[in-house]
Amino acid sequence: MANVRDLKKDINYVLGDIIEAVYVWEYSNTDKDTKKSEAIIDEAIETFDELIAKVNAKNVENPKGHFNAIKDELEEKGKALIEKINNLG
């Protein structure tokens, strides 16, 4: 069960850091419109909810493959969100 706990922590830390980066961008760019940055935050929260629901899914046929797929999805979606933050600019 330690792997599930670590995966949940990773999801929380990665997406929390992304949201924090958006807040830093908003703070340092007070003259710019925040609609796009708010959309990134909303997308990060939706991603968090989806991934946690997948982690908590019961009766998974191949648990190791299931959790590896979640890790890969976290990495993919995290990179996409970071790219969106970099393009705010």
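Residues numbered from 1 in each chain as written. Predicted model: local features only at pLDDT ≥ 70, side-chain atom pairs only at ≥ 80, totals over all residues. Heavy atoms only, no water.

**Overview of the overall build of the chain**
When helices and strands are counted, the chain shows three helices and zero strands. Helices (α) and strands (β) of the chain occur, in sequence order from the N terminus, as α-α-α. The principal-axis extents of the C-alpha atoms in the chain amount to approximately 50 × 20 × 15 Å. Relative to its 89 residues, the chain shows a buried fraction of 28%. Taking contacts inside the chain between residues at least 6 apart in sequence as the whole, the part at least 24 apart equals 67%. Total accessible area computed for the chain in this model is approximately 6,300 Å², and 51% of it derives from carbon and sulfur atoms. (Helix = DSSP H or I, 4+ residues; strand = E, 2+ residues; numbered from the N terminus. Buried < 20%, exposed > 50% of the residue type's maximum accessible area, 1.4 Å probe, protein only. Contact = heavy atoms within 4.5 Å. Areas by Shrake-Rupley, 256 points an atom, 1.4 Å probe, with all protein chains shown as cover.)

**Thoughts on unusual backbone geometry**
For asparagine 59, which is not glycine, the phi dihedral falls at a positive 60°. Counting through the fold element by element, asparagine 59 comes out in the loop between helix 2 (35-55) and helix 3 (63-86). Its relative accessible area of 80% is what places asparagine 59 among the exposed residues.

**Some words on the confidence of the model for the chain**
In the predicted model, the chain carries a mean pLDDT of 94, and the fraction of residues at 70 or more is 98%. Here helix 1 (residues 2-28) stands out as the element of the chain with the lowest mean pLDDT, 94, in contrast to helix 2, whose mean of 97 is the highest. (pLDDT = per-residue confidence, 0-100.)

**Quick look at the nonpolar core**
Core analysis: the biggest nonpolar cluster contains 19 residues, and Ile11, Leu15, Ile40, Val55, Ile70 and Leu81 have the highest contact counts within it. Elements that contribute at least two residues to this core include exactly helix 1, helix 2 and helix 3. Of all the elements, helix 1 adds the most residues to this core, at eight residues. Dropping the residues within four chain positions of it, leucine 81 is found in contact with Leu15, Ile18, Ile40, Glu43 and Ala44. (Core = buried A, V, L, I, M, F, W, Y, C linked by side-chain atoms within 4.5 Å.)

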